[in-house]
Amino acid sequence: MCGMPRRRARSTTQPDLLQGTLDMLVLQTLQLGPAHGYTIAQSIARRSDEVLQVEQGSLYPALHRLEDERLIASFWGTSENNRRARYYRLTPAGKRRLGEETTRWAQLVRAIGQVLRPVED
Amino acid sequence: MSWRRYVRRAAWDAERAAEIDAHLAHHVDDLVARGLPPDEARRVALRTFGRVDAVREEIYEMNSLPILETLWRDLRFAVRLMRKAPGFTTATVLTLAVGIGANTAIFSVVDALLLRPLPYPQPDRLAVVSTTFRSPRGEDTRTSQDGRTWELVRDHATVLEAAAYSDWVTGVNAVAHDRATYVQQQRVGAGFFRVLGVAPLVGREFRPEEDMPDGPPVAVLSYAFWAHVFDADPSVVGRSLLLRGEAYTVVGVMPKGFLSTAPADVWTPLRASTRGEGGGTNYGIAVRLKPGVTWAQANAEMAAIGHTRAAEYRNASNVTITFGLEPMQEGLSSDVRTPLLLLWGAVGLVLLIVCANVAGLMLARAGRRTREVATRMALGSGRAAVVRQLLVESAVLALAGAAVGVGLGYAALRGLLWLAADYGIWQPIAIDARVLAVTLGVALATSVLFGLAPALTASRLDVTAALTQTTTRGATGRAAHWPRRLLVAGEVAIGVLLVVSSALLVRTFVNLRSLNPGIDPRGVVTATFSMQDRRYATSAAMNQFFDASLERIRRLPGVEAAGVVLGLPYTRLLNLGFKYVGQADDGQYKITNLCYVTPGYFAALKQPIVRGRAITAADRAGTLPVAVVSEEFVRMYFKDRDPLGSRIALEGGEREIVGVAGNTEQRFSGVGQFAPLKPTAVIYIPARQTSDQFLALVHTWFEPSFAVRSATPAAETVADLRRAVRETDPLLPIAAVNDLNELQNAALAPQRFLMTLITTLGAIAAFLAIVGIHGLVAGAVVERTRELGIRLALGATVAQAVRAVALPGVGLAFAGVAVGSGLAVWTGRVLRAFLWGVSATDPQTVVTVGAGLLLVAAAASIAPALRVLRLDPAQTLRHE
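Residues numbered from 1 in each chain as written. Chains lettered and ligands numbered in written order. Predicted model: local features only at pLDDT ≥ 70, side-chain atom pairs only at ≥ 80, totals over all residues. Heavy atoms only, no water.

Peer 1: Requested: an account of the overall build of chain A, with residues and values cited.
Peer 2: For chain A, the helix and strand inventory stands at 4 helices and 3 strands. For chain A, the α and β elements follow one another from N to C terminus as α-β-α-α-β-β-α. Burial status across chain A gives 41% buried among its 121 residues. Restricting the contact set of chain A to residue pairs at least 6 apart, pairs at least 24 apart contribute 46%. Accessible area of chain A: about 7700 Å², with a carbon and sulfur share of 54%. (Helix = DSSP H or I, 4+ residues; strand = E, 2+ residues; numbered from the N terminus. Buried < 20%, exposed > 50% of the residue type's maximum accessible area, 1.4 Å probe, protein only. Contact = heavy atoms within 4.5 Å. Areas by Shrake-Rupley, 256 points an atom, 1.4 Å probe, with all protein chains shown as cover.)

Peer 1: How would you explain the overall build of chain B if you had to name every residue and give the values?
Peer 2: When helices and strands are counted, chain B shows 28 helices and 25 strands. Taking the contacts inside chain B whose residues are at least 6 apart along the sequence as the reference set, 80% of them involve residues at least 24 apart. Just so you have it, chain B exposes about 38800 Å², and 59% of that area is on carbon and sulfur atoms.

Peer 1: Describe the sheet that holds strand β3 (residues 84-90) of chain A, naming the residues involved and giving the relevant values.
Peer 2: Residue and element names in this part refer to chain A. Taken together, 3 strands build an open sheet; the order of strands is β1-β3-β2 and the sheet is antiparallel. A strand with exactly one partner marks an edge of an open sheet, and here the two such strands are β1 (35-36) and β2 (72-78). When β1 meets β3, the two strands line up antiparallel, connected through 2 bridges. Across the sheet, H36 pairs through a bridge with Y87, a residue of β3. (Pairing = 2+ DSSP bridges.)

Peer 1: Quick one: what's the story with the pattern of salt bridges, residue by residue and with numbers?
Peer 2: Pairing is possible between side chains of opposite charge, provided their charged atoms come close. Residue and element names in this part refer to chain B. All chains considered together, the criterion is met by 34 salt bridges over all chains. The shortest N-O distance in the salt bridge between R507 and D842 comes to 2.5 Å. Of the two residues, R507 is situated in helix α17 (residues 482-513) and D842 in the loop between α26 (798-831) and α27 (843-865); the sequence distance between them amounts to 335 residues. Judged by relative accessible area, R507 falls into the partly exposed class, the value being 32%. Given a relative accessible area of 12%, D842 falls into the buried group. The partner of R535 in a salt bridge is D729, with the nearest N and O atoms 3.0 Å apart. Linking R535 in the loop between β13 (524-529) and α18 (539-554) with D729 in the loop between α22 (714-728) and β25 (734-739), this pair joins segments that are 194 residues apart in sequence. (Salt bridge = Lys/Arg side-chain N within 4 Å of Asp/Glu carboxyl O.)

Peer 1: An account of the nonpolar core is needed here, citing residue identities and associated values.
Peer 2: Residues and elements named next belong to chain B. Judged by nonpolar contacts, the single largest core of 110 residues is most densely connected at L343, L397, F450, L505, L605 and Y684. In terms of residues, this core owes the most to one element, helix α12 (residues 334-368), which gives 14 residues. Residue assignment places this core across two domains, with domain 3 (335-512 + 750-878) and domain 4 (534-731) each supplying three or more. (Core = buried A, V, L, I, M, F, W, Y, C linked by side-chain atoms within 4.5 Å. Domains from an automatic or database assignment.)

Peer 1: Hey, could you go over the confidence of the model for chain A for me, with residue numbers and the actual values?
Peer 2: Per-residue confidence for chain A gives a mean pLDDT of 76; residues scoring 70 or more make up 75%. For residues 1-17 of chain A, every residue scores under 50 in pLDDT, and the model assigns this stretch 22 contacts once sequence neighbours within four places are set aside. (pLDDT = per-residue confidence, 0-100.)

Peer 1: Describe a nonpolar patch on the surface, with residues and values.
Peer 2: All names here are of chain A. Residues W105, L108, V109, I112, V115 and L116 make up a contiguous nonpolar surface patch of about 610 Å² in total accessible area. Here V109 is to be found in helix α4 (residues 92-116). Relative accessible area serves as the criterion here: at 46%, V109 is assigned to the partly exposed category. (Patch = residues over 30% accessible without salt bridge, like charges linked within 9 Å, V, L, I, M, F, W, Y side chains within 5 Å.)

Peer 1: Can you explain the packing of helix α24 (residues 749-783) of chain B against α26(B)? Please cite residues and give values.
Peer 2: Residue and element names in this part refer to chain B. Close contact between α24 and α26 brings their axes to 9 Å; oriented N to C, the two are set at 155°. Taken together, the axis directions place α24 and α26 in an arrangement best described as roughly antiparallel. Where α24 crosses over α26, the two elements pack in a sense that is right-handed. Where α24 approaches α26, its residues I773, L776, V777, A780 and V781 are matched on the opposing element by V805, A806, G809, L812 and A813. Looking at the contact of α24 with α26 residue by residue, the classes come out as 9 nonpolar, 1 polar and no charged. (Axes fitted to C-alpha atoms, helices over the stretch in contact; angles between N-to-C directions. Parallel < 35°, antiparallel > 145°, perpendicular 65-115°, else oblique. Left-handed = near helix turned anticlockwise from the far one by under 90°. Nonpolar A, V, L, I, M, F, W, Y, C, P; charged D, E, K, R; others polar.)

Peer 1: Any chance you could break down unusual backbone geometry for me, citing the residues and the numbers?
Peer 2: Residues and elements named next belong to chain B. Residues other than glycine seldom take positive phi values, yet D231 does so here, at roughly 50°. Phi angles above zero are rare outside glycine, and Y570 is one such case at about 70°. With respect to the secondary-structure elements, Y570 resides in the loop between β14 (559-566) and β15 (574-580). What makes Y570 buried here is its relative accessible area of 5%.

Peer 1: Give a detailed account of the pairing of β15(B), specifying residues and quantitative values.
Peer 2: Residues and elements named next belong to chain B. With 5 of its 7 residues buried, β15 lies for the most part within the structure. As judged from the 5 bridges shared by β15 and strand β16 (residues 590-597), these two strands associate in the antiparallel manner. From the neighbouring strand, L574 faces β16, where its bridge partner is L594.

Peer 1: Account for the pairing of strand β10 (residues 266-269) of chain B, with residues named and values stated.
Peer 2: All names here are of chain B. Relative to β10, strand β5 (residues 179-188) runs parallel, the two being bridged by 4 bridges. Across the sheet, Q185 pairs through a bridge with V266, a residue of β10. Bridge analysis of strand β7 (residues 218-221) against β10 gives 2 bridges, and the strand direction is antiparallel. From the neighbouring strand, L221 faces β10, where its bridge partner is V266.

Peer 1: A description of the packing of aromatic side chains should follow, citing residues and the corresponding values.
Peer 2: Residues and elements named next belong to chain B. For the structure on display, the rule yields 25 aromatic pairs over all chains. Ring centres of F545 and F546 lie 6.2 Å apart, and the angle between their planes is 55°; this geometry places the pair in the tilted category. With respect to class, F545 is no different from F546; both count as buried. Taken together, the ring pairs in this structure connect Y120, Y165, F192, F193, F258 and W267 into an aromatic cluster. The ring of Y580 is capped by R641, whose NZ or CZ atom sits 5.5 Å from the centre of that ring. (Phe/Tyr/Trp six-rings, centres within 6.5 Å; stacked < 30°, edge-to-face > 60°. Lys NZ or Arg CZ within 6 Å of the ring centre and 35° of its normal.)

Peer 1: Report on the side chain of B:R288, specifying residues and quantitative values.
Peer 2: Residue and element names in this part refer to chain B. One can find R288 in strand β11 (residues 284-289). Buried charge without a partner: R288 forms no salt bridge, and the closest opposite charge is E161, 6.0 Å away. A polar atom in the side chain of R288 sits 3.3 Å from the backbone oxygen of Q122. Once you skip the residues sitting within four places of it in the chain, R288 turns out to touch Y120, P121, Q122, R125, L126, V159, L160, E161, R194, V195, L196 and G197. (Lys, Arg positive; Asp, Glu negative; His and termini not counted. Polar contact = N/O pair within 3.5 Å; in protein donor to acceptor, adjacent residues only side chain to side chain.)

Peer 1: Give a description of the environment of B:T756 that names residues and reports values.
Peer 2: Residues and elements named next belong to chain B. Within the secondary structure layout, T756 lies in helix α24. Residue classification places T756 among the partly exposed residues on the basis of a relative accessible area of 27%. Along the sequence, T756 and L416 sit 340 residues apart, while their C-alpha atoms lie 9.4 Å from each other.

Peer 1: Could you give an account of the environment of B:L831, with specific residues and numbers?
Peer 2: Residues and elements named next belong to chain B. Its place among the elements puts L831 in helix α26. Judged by relative accessible area, L831 falls into the buried class, the value being 7%. Sequence separation between L831 and P339 is 492 residues, and the spatial gap between their C-alpha atoms is 9.1 Å. When near neighbours in sequence (up to four residues on either side) are disregarded, L831 contacts L342, S501, L504 and L505.

Peer 1: Requested: an account of α27(B), with residues and values cited.
Peer 2: Its 23 residues give α27(B) an end-to-end C-alpha distance of 32 Å, which sits within 8% of 33 Å, the value for a rise of 1.5 Å per residue. Among all positions of α27(B), only B:T845, B:V846, B:V849, B:G850, B:L853, B:A857, B:A858, B:A860, B:S861, B:P864 and B:A865 are buried. (Expected span 1.5 Å × (residues − 1).)

Peer 1: So what's going on with the side chain of B:S260? Residues and values would help.
Peer 2: All names here are of chain B. Residue position: S260 is located in the loop between β9 (246-253) and β10. A polar atom in the side chain of S260 sits 2.5 Å from the side chain of Q186. Filtering out sequence-adjacent residues up to four positions away, S260 remains in contact with Y120, Q186, F192 and W267.

Peer 1: Could you give an account of a positive patch on the surface, naming the residues involved and the relevant values?
Peer 2: On the surface, B:R73, B:R76, B:R80, B:R83 and B:K84 cluster together into a positively charged patch. When you line up the elements, B:R80 lands in helix α5 (residues 66-84). (Charge placed at Lys NZ, Arg CZ, Asp CG, Glu CD.)

Here it is as structure tokens:
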């Protein structure tokens, strides 16, 4: 009876640029294998050289949205610390999306690089 | 992830909370491992994470369904608005309730009789055999068959299971446990219940050898009869039951709730043959397609069987005959199908008017809400949101209307079933879940019908213009009036159509009611009883009973005259063939109607003997066989010849016509007579001059009645009459007691049914159309107050102002009447079969109805326009 709900605008505390970036970082992290929320957060913090200083909590709405879009899937498991944790893994759709986003990002970076290139005399 | 998360938001939230706890625990573990004290580690972990509540709330919000929430908001807003405008709400809900209620009631009948499958297993495999006669004069399809056809089907059908039955249910006297009751008996052939697919609850159904002429007397009981008379005793099989004085052995009981093709308490073998009743078309043939057989195969087989019959007919006449199958439901509902479909169409039209009216009200209100809508759009509400909000308001109104409407429908259905009591309805009719579901669908569909136009008009609003207007009046432009005007004109057109139809049906009914009865019904009571009784199998025994009981009755206080007749006025009579004797004999039997009467009958009814003599006590077995004929009989068969002294040949011998009686009105008898009641050609013969075989045959279908004229009040006469009959024969129950007006009413029941319902619907339609016009003009006066004030201030006369406001209403009424009259003439042929004594396109009726509605519409336009008189230009201009 209900199709996909129309997404409401993301909460205003999170700049839009970061949203796409965060999604991509999550997908990329999961490319290495299933991981739970804390591992993902640590990995992102490490990999972005602490440049993206996001609150770790904002990871969870992102995970929820990605799961909603069926780019990742989740299951409960036991962590290396012997604690129950919710693990996420990449779905085939997620893999595809990651590839597309990586290409798009590369194009964007190239385009911006060209615009910002100092004018040669 | 699935839609379930929307319902299970709390569970989801709990899971997220657990996940976040795990996250924090892992972080604390890490920090502790790096040497931080646990308290400090927890603080750091929480700081790094951010606000746990905010995260949970964000996810919770993501799981909400925006459509449902806005819908809920819209709903609450709609209900608030409805409460704020109680007048508008009441008017709308009541209007809708009338439309939806009428539809619910009629639909429940249509559904039960025409749409719902018959209450038998695999009802789509059931059919009745039909024969189609084609002659140069026309074509006629019938589902009643004669014995010859039945034998052909019985002997040659291979892909069908077939069973003959009689739809002619007769009331008979049943005696069990020394208690006499009057029950409805249906005669069915062996295998009838198997064809229907219902096995007896107890015992078995009839065997082929029981279904032969002179077979053993056996009976199958209905559940209700079994429970009532035999106390649901399972050992009933083999017990005896007296039916019309003859002992029948019970062989089975049908399950509870079983419905045959006619309402019956007891079934006996039909014993179909080609003799007796089998010589005429008195049987129905029910068939079930055998497993795997297609309808095409079945029809082909019927056609092949019909070839034999066709050859026989071609030899005799110019008629070709073909056999076919008709799905059983259509076969059973053929009598009521057309009237029901007519009614269904009429209530549909009324619902359309209701929608138009409510749409008009909504449009008018939309005009007043311009500012509200404009404000909302200016604040960022999309057009879609505005349309949705207005549609939700319509849906809420429609559902409220449906709720009240179901109540009205329930009451209407009870009235309807009361009216239809004489229609012989064979299915239970009720407002059930299925009907309610359809009502709900109708309500929602109407909400779109009446809500869409106003919603779309509102959403096309010019926001700037609406908000910068200093006044709410005159904010809507000229173009905004057109939807409403079209609606009103349409209402008037449909109103005219329905009122013309009602007028034609009323004229038909009046015509039929005012026919010359030919008798004096005042002071006459009749009592009908069954003579299907072995004790009265001979003419002598029957006449002995007549004489003995009439003697007692005539001695009762106040009784002026009494007699017995087979076939009272206003009822259907026995069809019988006669031919001329002597020179006039052309060898052709002409079908006419026959009654037997005792002396005193004509006197009891004051039916005049216009020539010759009545039947007297001197006409007895052994004396000259005589007959009295009706004037209509003379007109039809003797033209300018003198009938007195002429001889006619009936089945069983020649008779001399000794008298001519005045005409009586009799019910449609199927022989070249299509009016529900008309003066009928009848041959009256003395009850004493009847043969045993003749009586055995006619008493299968017809029941004689006492007719008593008395000066005492009817109730006393009835009590006395019952006592006199009981004293003569304690085992003979009286089936029905009537006065002649009741019989006339019963004969006209179908006409009254259709007339009452269509007239009610016509009245509702006309009323709503007039209300629509009134509302349109009244609204215009309010909207144009300012403009009219300016006009008056500038020197316009009051008459000019009134004309300006009222003219559109009159104009629309005129257009509506013109279109409606055209529609009425064009659709008149649909009604033709239900009219009598008036043409379906009767110009007088159409013109009278059109002019009448036009007058009322003009009054409805001018009345509100007169409010202009109360306008004070100065005040109007200063206002606002």
